[in-house]
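Tertiary structure, described
Here is what each chain is made of, one letter per residue.
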Amino acid sequence: MTALVELDDVSKYYGNIRALEGVSLEVHAGEITCVLGDNGAGKSTLIKIISGLHPHDGGALRIDGEEAGLSSPREALDRGIATVYQDLAVVPLMPVWRNFFLGSEPTRGAGPFKRLDVGLMRETTRAELLRMGIDLRDVDQPIGTLSGGERQCVAIARAVYFGAKVLVLDEPTAALGVKQSGVVLKYVAAARDAGLGVVLITHNPHHAYLVGDRFVLLKRGVMAASHTKESVTLDELTRQMAGGSELEDLRHELGRAPAPTRVGGHHVPPAEAP
């Protein structure tokens with residue numbers, strides 16, 4: 001199957017600084033591709049390239065099998081790529097329905113009688129959230145009164161409604177507790193089941209393994225590993241994410257030396273103790 005989005009040996013430089021080098025991944029319809037890495041691994045740069053915020057310097061970016069060069073986030077949206085950032089870019093005091101349509105408000109009437117179609121926005125927001133399994137108490141409540149997980153779910157439902165084929169999620173569970181993270185992952189899976197290709201950026205291998213189909217590990221701007229769900233276990237994914245041999249070296253380095261033994265009021269090294 002042709003990938004919805006494919007990065008082939010993509011690189012990005014900011015002057016002499018290597019942000020990404022030789023990164024490849026594929027995003028397929030009905031699948032979740034997880035990109036894992038610590039701070040400074042290059043995850044943010046990868047998001048900026050896929051979302052059209054920054055152009056890539058090397059390699060190829062393909063959309064539906066055709067090589068492309070995205071010049072802006074608006075062009076990425078027009079090509080069906082929607083990005084939900086960690087801060088969500090919502091207006092906390094505006095109602096849920098207004099945030100759902102923010103920047104794309106439908107109107108009715110013409111000329112001086114043109115006005116927002118508030119009724120349509122309310123009903124559409126309620127219906128689309130229910131279609132994703134999100135049952136809010138009231139779409140008129142300010143979005144700032146929702147939990148972090150609920151706000152993430154509204155953003156996911158919005159992207160689905162506006163025709164996204166690829167959904168890029170920037171650390172959607174980073175600031176959430178266990179229960180709220182579970183809620184968000186449920187709706188990430190719902191977007192996958194709706195036929196979208198999802199790119200899940202995270203530093204949590206447990207969350208990634210729960211929903212992911214493909215895994216790409218970044219380390220200091222380069223690919224450390226690439227796996228499918230069938231080719232890696234959670235333990236191995238966690239070990240690679242944690243640094244593998246580096247973590248083992250650190251364990252030995254931080255290990256305590258055996259305490260000396262007291263014999264007759266004197267400290268005797270462990271090797272000389274009776």
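This text gives an overview of the structure that appears in the document. All of these numbers come straight from a predicted model, not from anything done at the bench.

1. As for the pairing of strand S10 (residues 197–202)
Burial within S10 is extensive, with 6 of its 6 residues counted as buried. Of the two faces of S10, both are covered, the one formed by Gly-197, Val-199 and Ile-201 as well as the one formed by Val-198, Leu-200 and Thr-202. Across 5 bridges, strand S3 (residues 32–36) lies against S10 in parallel orientation. Residue Leu-36 lies in a different strand from S10, and its bridge partner there is Thr-202. Sheet topology note: the strand S9 (residues 166–170)/S10 ladder contains 5 bridges and is parallel. For Leu-169, the partnering residue across the bridge sits in S10 and is Leu-200. Following the chain from S9 across helix H6 (residues 178–193) to the adjacent parallel S10, one finds a crossover that is right-handed.

2. Re the nonpolar core
The biggest cluster of nonpolar side chains holds 45 residues, and the ones touching the most others in it are Leu-129, Ile-134, Val-154, Ile-156, Leu-167, Leu-169 and Phe-215. It is helix H5 (residues 148–161) that contributes the most residues to this core, 7 residues altogether. When neighbours within four sequence positions are excluded, Leu-169 is seen to be in contact with Val-84, Ile-156, Val-188, Val-198, Val-199, Leu-200 and Ile-201. Core analysis: the next-biggest nonpolar cluster, separate from the first, contains 26 residues, Leu-46, Ile-63, Ala-68 and Ile-201 among them.

3. Topic: the side chain of His-207
The residue His-207 is located in helix H7 (residues 205–211) in this model. Residue class for His-207 comes out buried when judged on its relative accessible area of 16%. Setting aside residues no more than four positions away along its own chain, His-207 makes contact with Thr-173, Ser-181 and Leu-185.

4. Comments concerning H6
In this model H6 runs 23 Å from its N-terminal to its C-terminal C-alpha over 16 residues, within 8% of the 22 Å that 1.5 Å per residue would give. Burial in H6 covers these residues: Ser-181, Val-184, Leu-185, Tyr-187, Val-188, Ala-189 and Ala-191. Packed against the buried residues of H6 are S3, H5, S9, S10 and H7. Two residues or fewer after H6 comes Gly-195, characterised by a positive phi angle close to 100 degrees.

How each quantity is defined
Residues numbered from 1 in each chain as written. Predicted model: local features only at pLDDT ≥ 70, side-chain atom pairs only at ≥ 80, totals over all residues. Heavy atoms only, no water. Buried < 20%, exposed > 50% of the residue type's maximum accessible area, 1.4 Å probe, protein only. Helix = DSSP H or I, 4+ residues; strand = E, 2+ residues; numbered from the N terminus. Pairing = 2+ DSSP bridges. Right-handed = clockwise from strand over helix to strand, strands pointing away. Core = buried A, V, L, I, M, F, W, Y, C linked by side-chain atoms within 4.5 Å. Contact = heavy atoms within 4.5 Å. Expected span 1.5 Å × (residues − 1).

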